[in-house]
Amino acid sequence: MEIILHACEHAFIDTLKLIPFLFVTYLAMEALEHHAGKASEAAVRKAGHAGPAIGAVLGIVPQCGFSAAASTLYAARVITLGTLFAVFLSTSDEMLPIFIAEQAPLDLIVKVLAVKAAVGMVAGFAIDAVLRALRRDKEHLRIHELCERDNCHCNGECAACEEDPELAYDYEHDEEHEHDHAGVSIAKSALKHTVQVTLFIFLITLALEVLMGVVGEETIAAFMAGNPGVSVVAASLVGLIPNCAASVAIAELYLDGTLGAGAMMGGLLVGAGVGLLVLLRTNRPMRDNFAIIAGLLAVGIAVGGVMTAFGVTL
């Protein structure tokens, strides 16, 4: 019972932090859906070419909210796949607070963040370049598809319009009321999206917290340190766990000397946090999500493996 109560507390707090990020993201997307035409879509695409650089910089901020927002924006194809990878790979989650709390050297913190941001940018630009070469980078915005899948009636009427269809007709042709009508619809749809995704994240986070409480961080430490030859793979697999406990464990094990720099970096690179949960919840087809997760794992193992093979330290 103690484990369950502790898990509920942590799941509630972790999920609560995400709500502002999710709501603002959905609010922006709904506004784009209602007001953007082909010109706006072209502008979004043009800005997207610099997306990996911007995403990599935003990702190092110690909040998993950016990765959650990036997942939602990618599901709607507002940002590119490369930008999504850049955010995921650079996301620091709880690593930075742990390093600061443990009074890790400032140069170590800067190096870790710089490596994560650099890997995110390189991988992001490379992915976007490949997609452009294959002519697979031209996708229409999918905001409306998200609305239909969640049955949120984004293009529906407000309560007054539902009661009086003629009022809805008047709104559509009356400039004086059109703006207010759209504003109510946008806010309502954004709120509904936020509630749905927040509930999903809370339930999954709760299950993971219970699992971590039962298994224990000691078991995780033994799993990663038991065989130095596979520590990079082990740390990367643990890093995929969409929970802040994973990044906390990896950071602490590195500071304790249990993990080498390569294994630590491999685990932290794939640690996209709850962004992965939001991706699984919002993006379709599902096989693309598995491919993205496999890609993250491949990058983490590759970078960590190279660092370990060449004895790179931070």
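All residue numbers refer to position in the chain's written sequence, counted from 1. pLDDT decides what is reported in this predicted model: residues at 70 or higher carry local features, side-chain atom pairs at 80 or more are listed and counted, and totals for whole chains, interfaces and linings draw on all residues regardless. Note that water and hydrogens are dropped before the side-chain values are worked out from all heavy atoms of the structure.

**Here's the deal with the overall build of the chain**
(1) Moving on: Here a helix means four or more residues in a row that DSSP labels H or I, a strand means two or more in a row labelled E, and each is numbered from the N terminus. A count of helical and extended segments in the chain gives 17 helices and zero strands.
(2) Moving on: In the chain, the proportion of contacts linking residues at least 24 apart, taken out of those at least 6 apart, comes to 83%.
(3) Moving on: Residue burial considers only the protein chains on display, and all accessible areas are found by Shrake-Rupley using a 1.4 Å probe. For the chain, the exposed surface amounts to about 15300 Å²; the carbon and sulfur share of it is 66%. The contact criterion used throughout is that any non-hydrogen atoms of two residues lie within 4.5 Å.

**Here's the deal with the packing of helix H13 (residues 231-239) against helix H15 (residues 261-269)**
(1) Moving on: The contact between H13 and H15 brings their axes to 7 Å, and the two run at 25°. One finds that H13 runs roughly parallel with respect to H15. Remark: the crossing between H13 and H15 carries right-handed chirality. Across the interface between the two elements, Ser 231, Val 232, Ala 235, Ser 236 and Gly 239 of H13 pack against Gly 262, Ala 263, Gly 266 and Gly 267 of H15. Axis lines are fitted through C-alpha atoms, for helices just across the contact stretch, and the angle between N-to-C directions can take any value from 0 to 180 degrees. Note on terminology: angles under 35 degrees are roughly parallel, angles over 145 are roughly antiparallel, angles of 65 to 115 are roughly perpendicular, and the others are oblique. By definition, turning the near helix anticlockwise from the far helix through less than a right angle yields a left-handed crossing, and turning it clockwise yields a right-handed one.

**Here's the deal with the packing of helix H7 (residues 106-133) against H15**
(1) Moving on: Direction vectors running N to C along H7 and H15 enclose 55°, while the axes themselves pass 11 Å from each other. In terms of axis orientation, H7 runs oblique to H15. Crossing angle aside, the handedness with which H7 passes H15 is right-handed. Counted together, Val 112, Val 115, Lys 116 and Val 119 of H7 and Met 264, Met 265, Leu 268 and Leu 269 of H15 form the full contact between these two elements.
(2) Moving on: Residue classes in the contact of H7 with H15 are distributed as seven nonpolar, no polar and one charged. Note on residue classes: Ala, Val, Leu, Ile, Met, Phe, Trp, Tyr, Cys and Pro are nonpolar, Asp, Glu, Lys and Arg are charged, and everything else, Gly too, is polar.

**Comments concerning a nonpolar patch on the surface**
(1) Moving on: Think of a patch as exposed residues, more than 30% relative accessible area, with no salt bridge, where like charges cluster within 9 Å and nonpolar side chains (Val, Leu, Ile, Met, Phe, Trp, Tyr) cluster within 5 Å. Salt bridges, as used here, are contacts in which a Lys or Arg side-chain nitrogen is within 4 Å of a carboxyl oxygen on Asp or Glu. A surface patch of nonpolar side chains, amounting to about 340 Å² of accessible area, comprises Ile 3, Leu 211, Val 214 and Val 215.
(2) Moving on: Examining the composition of the nonpolar patch, we find that three residues originate from one element, helix H11 (residues 175-215), more than from any other.
(3) Moving on: Among the secondary structure elements, Val 215 is positioned in helix H11.

**With respect to the confidence of the model for the chain**
(1) Moving on: Across the chain, the average pLDDT comes to 77, with 74% of residues at or above 70.
(2) Moving on: The score called pLDDT rates the predictor's confidence residue by residue, from a low of 0 to a high of 100. Taken together, the stretch residues 155-178 has pLDDT below 50 and engages in 17 contacts with residues farther than four places along the chain or on a different chain.

**Concerning unusual backbone geometry**
(1) Moving on: The omega torsion of the bond from Arg 284 to Pro 285 falls at 5°, within 30 degrees of zero and hence cis.
(2) Moving on: By secondary structure assignment, the location of Pro 285 is in the loop between helix H16 (275-282) and helix H17 (286-309).

**Describing the nonpolar core**
(1) Moving on: Throughout, nonpolar core names a set of buried Ala, Val, Leu, Ile, Met, Phe, Trp, Tyr and Cys residues whose side chains join them through atoms within 4.5 Å. Between buried and exposed lies partly exposed: a residue is buried under 20% and exposed over 50% of the maximum accessible area for its type, with that area taken using a 1.4 Å probe on protein chains only. Counting 49 residues, the largest nonpolar core has Leu 81, Leu 84, Phe 88, Phe 99, Val 112 and Ile 292 as its most contacted members.
(2) Moving on: Those residues in contact with Phe 88 that lie beyond four places of it in its chain are Ser 67, Ser 71, Leu 269, Gly 271, Ala 272, Gly 275, Leu 276, Leu 279, Ile 292 and Leu 296.
(3) Moving on: If you look at the next biggest cluster of nonpolar residues, it comprises ten residues, including Tyr 26, Ala 190, Val 197 and Val 278.

**Some words on the environment of Val 122**
(1) Moving on: As for its placement among the helices and strands, Val 122 is situated in helix H7.
(2) Moving on: The exposure class of Val 122 is exposed, given its relative accessible area of 59%.
(3) Moving on: When the C-alpha atoms of Val 122 and Ala 86 are compared, they prove to be 8.0 Å apart, with 36 residues separating the residues in sequence.

**Quick word on H15**
(1) Moving on: Of all nine residues in H15, nine are buried; the element is thus mostly enclosed.
(2) Moving on: Within H15 the residues assigned to the buried category are Ala 261, Gly 262, Ala 263, Met 264, Met 265, Gly 266, Gly 267, Leu 268 and Leu 269.

**Details of helix H14 (residues 244-255)**
(1) Moving on: Across its twelve residues, H14 extends 17 Å between first and last C-alpha, which sits within 8% of the 16 Å expected from 1.5 Å per residue.
(2) Moving on: Among the twelve residues in H14, ten count as buried, and that is most of the element.
(3) Moving on: Along H14, the residues classified as buried are Cys 244, Ala 245, Ala 246, Ser 247, Val 248, Ala 249, Ile 250, Ala 251, Leu 253 and Tyr 254.
(4) Moving on: Downstream of H14 by a residue or two, Gly 257 has a phi angle that is positive, lying close to 90°. Here the expected span of a helix is defined as 1.5 Å times the quantity of residues minus one.

**A few points about the environment of Leu 206**
(1) Moving on: Structurally, Leu 206 is set in helix H11.
(2) Moving on: For the pair Leu 206 and His 10, spaced 196 residues apart in sequence, the C-alpha separation works out to 7.9 Å.

**Quick look at the side chain of Lys 116**
(1) Moving on: With respect to the secondary-structure elements, Lys 116 resides in helix H7.
(2) Moving on: In protein, a polar contact means a hydrogen-donor-capable atom and an acceptor-capable atom, both N or O and within 3.5 Å, with residues adjacent in sequence counting only if both atoms are side-chain atoms; elsewhere, any N or O pair within 3.5 Å suffices. Here Thr 91 takes part through its backbone oxygen, which lies 3.0 Å from a polar atom of the side chain of Lys 116.
(3) Moving on: Excluding anything up to four places from it in sequence, Lys 116 contacts Leu 89, Ser 90, Thr 91, Ser 92, Met 95, Met 265, Leu 268 and Leu 269.

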